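Here is what each chain is made of, one letter per residue.
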Amino acid sequence: MGNFLTRTLFGAIFVIVLIAGIVIHPFAFFAVFMGITLLASYEFYKLIQKNNCIPQITTGLIGAALLFTSCFAYTHFNNSTLFALFVPLLVLIPIIEMYRKKENPFGNIAYTFMGLLYVALPFSLLNFMVFPFGDNEFHWEILMGIFVLIWANDTGAYLVGVNFGKHRLFERISPKKSWEGSIGGAVITLVIAYLISLYSKDLTSVQWIIGGAIVVVFGSMGDLVESLLKRSLNIKDSGTIIPGHGGLLDRFDAILLVSPMIFVFLQIINEFFR
């Protein structure tokens, strides 16, 4: 009972902070998701240390902060100046490694870049969901809708899988996931996507349903990829920052692959359908 109450309390706090960061104001979004980006990046780099590598944590965190801030400045203020600072940082990473004199130098370089690619970039691309149309207006409904669809997919897959799951989806990586659960989650997600389209005018019904399909496919893949990471490190949770819920990578595993694909989808909409 104590663990249930802890899980419920901190889960509620987590959701409230997340929603507040999305809907209140652009700078609330910046503060909340910049914090999430840095904490998730730090969590990733600390995990990688279990794999006999020593990534450049400080350099990686500076890069994550620059990348997120660059995307925010570009989408909100139409200012691309900060990208000019981020690019030289990428060049500095292998140079810095020469002077660290650590074992497995190219592994350290690779994992430092991987933290930027796998964690910082997807969170940074969320800026293009709240400022999707190049008009500097804060369209929080799109990002909120994407998170609702991710939660619907996860919840639907879990409920259907627990009650009806018999055929394993990817047993080598995640023994509990089933095809029945995945199909159930997909149906529920697409229904929720249509319902969202009735109230959100930023995207059409067809576009929301396509977005829901992207969430179903790449949200599930994001979950599996993060499970693959944990399995390769022989750990259960990515961290303990959220009591009863594990780490930030556990909570945001789906968005890490969904975000880049939704970014591409929104660019296509901007180019051909607006």
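Under an unreviewed UniProt entry, the protein has the name Phosphatidate cytidylyltransferase and belongs to Marinifilum flexuosum. Recorded in UniProt for the protein, the comment headed Subcellular location (unreviewed entry) runs: "Cell membrane". Taken from UniProt, the Catalytic activity (unreviewed entry) comment for the protein reads in full: "a 1,2-diacyl-sn-glycero-3-phosphate + CTP + H(+) = a CDP-1,2-diacyl-sn-glycerol + diphosphate".

This brings us to empty space enclosed by the protein. Using the criterion set out here, one finds 1 cavity of 30 Å³ or more in the structure. Taken as a whole, the largest cavity encloses approximately 30 Å³ of empty space. Lining the largest cavity, in full, are I142, I146, L203, Q207, G211, I262, F265 and L266. Within the residue set of the lining of the largest cavity, elements represented by two or more residues are helix 7 (140-164), helix 9 (205-233) and helix 11 (255-272). Grouping the amino acids of the lining of the largest cavity by side-chain chemistry returns 6 nonpolar, 2 polar and no charged.

Attention now moves to the layout of surface pockets. When its volume is computed, the largest pocket comes out at roughly 1900 Å³. Taken together, 47 residues make up the lining of the largest pocket; nearest its centre are R7, Y158, K177, D223 and R251. Contributions of two or more residues to the lining of the largest pocket are made by helix 1 (2-23), helix 7, strand 1 (168-170), strand 2 (174-178), helix 8 (179-197), helix 9 and helix 10 (248-251). The greatest single-element share of the lining of the largest pocket, amounting to 11 residues, is contributed by helix 7. Here the residues of the lining of the largest pocket are counted per class, giving 17 nonpolar, 16 polar and 14 charged.

Helix-helix packing is described using two parameters, namely the angle between the two axes and the distance between the axes. The N-to-C vectors of helix 8 and helix 9 enclose an angle of 150°; their axes lie 8 Å apart at closest approach. By the criterion of interaxial angle, the relationship of helix 8 to helix 9 is roughly antiparallel. Note that helix 8 runs across helix 9; the crossing there is right-handed. Contact with helix 8, carried on its side by A186, T189, L190, A193, Y194, I196 and S197, involves S205, W208, I209, G212, A213, V215 and V216 of helix 9 and no other residues of that element. Along the lines of polarity and charge, the residues of the contact of helix 8 with helix 9 split into 10 nonpolar, 4 polar and no charged.

Per the UniProt annotation, the sites labelled "transmembrane region" (unreviewed entry) are residues 12-45, 57-75, 81-99, 111-130, 142-160, 181-200, 206-229 and 249-269. The annotated region residues 57-75 carries 100% helix and 0% strand content, and the separation between its end C-alpha atoms amounts to 27 Å. With 89% helix and 0% strand, residues 81-99 has its two end C-alpha atoms placed 29 Å apart.

Within the secondary structure, P94 sits in helix 4 (residues 83-100). The spacing of P94 and A110 is 16 residues in sequence and 9.1 Å in space, taken between C-alpha atoms. Not counting residues within four places of it along the chain, the set of residues in contact with P94 comprises I109 and F113.

This next bit is on the environment of S124. Looking at the element boundaries, S124 is found in helix 5 (residues 105-124). It is 8.3 Å that separates the C-alpha atoms of S124 and A64, two residues lying 60 residues apart in sequence. In contact with S124, other than residues within four places in its own chain, are L67, F68 and C71. Within polar-contact distance, the side chain of S124 engages the backbone oxygen of A120 at 2.7 Å.

A surface patch of nonpolar side chains, about 1000 Å² in accessible area, is lined by W179, I183, V187, L190, V191, Y194, L195, L198, Y199 and I209. When residues of the nonpolar patch are assigned to their parent elements, the largest contribution, 7 residues, is made by helix 8. Structurally, L198 can be placed in the loop between helix 8 and helix 9. Owing to a relative accessible area of 42%, L198 belongs among the partly exposed residues under this scheme.

On to the domain arrangement of the protein. Under the domain assignment, the protein is made up of domain 1 (26-135) and domain 2 (138-273). Counting residues at the interface gives 25 residues for domain 1, matched by 30 residues for domain 2. Summing the contributions of domain 1 and of domain 2, the shared interface buries around 2600 Å²; its carbon and sulfur component is 78%. Our count for the contact surface shared by domain 1 and domain 2 stands at 0 salt bridges. Our enumeration of links across domain 1 and domain 2 arrives at 5 residue pairs in polar contact (both at pLDDT 80 or more). Counting residues per element, the ones that place at least two in the side of domain 1 that touches domain 2 are helix 2 (26-48), helix 5 and helix 6 (127-130). Top contributing element to the side of domain 1 that touches domain 2 by residue count: helix 2, with 10 residues.

Reading the values: rules and limits
- Residues numbered from 1 in each chain as written.
- Predicted model: local features only at pLDDT ≥ 70, side-chain atom pairs only at ≥ 80, totals over all residues.
- Heavy atoms only, no water.
- UniProt positions renumbered as here; feature names shortened; annotations may be inferred.
- 1 Å grid on protein atoms, 1.4 Å probe; cavity = no way out; pocket = protein on both sides within 12 Å on 5 of 7 lines; lining within 4 Å.
- Points joined across faces, edges and corners; volume = space filled by probe spheres on them.
- Helix = DSSP H or I, 4+ residues; strand = E, 2+ residues; numbered from the N terminus.
- Nonpolar A, V, L, I, M, F, W, Y, C, P; charged D, E, K, R; others polar.
- Axes fitted to C-alpha atoms, helices over the stretch in contact; angles between N-to-C directions.
- Parallel < 35°, antiparallel > 145°, perpendicular 65-115°, else oblique.
- Left-handed = near helix turned anticlockwise from the far one by under 90°.
- Contact = heavy atoms within 4.5 Å.
- Polar contact = N/O pair within 3.5 Å; in protein donor to acceptor, adjacent residues only side chain to side chain.
- Patch = residues over 30% accessible without salt bridge, like charges linked within 9 Å, V, L, I, M, F, W, Y side chains within 5 Å.
- Areas by Shrake-Rupley, 256 points an atom, 1.4 Å probe, with all protein chains shown as cover.
- Salt bridge = Lys/Arg side-chain N within 4 Å of Asp/Glu carboxyl O.
- Buried < 20%, exposed > 50% of the residue type's maximum accessible area, 1.4 Å probe, protein only.
- Domains from an automatic or database assignment.
- Buried area = accessible area lost by both parts, 1.4 Å probe.

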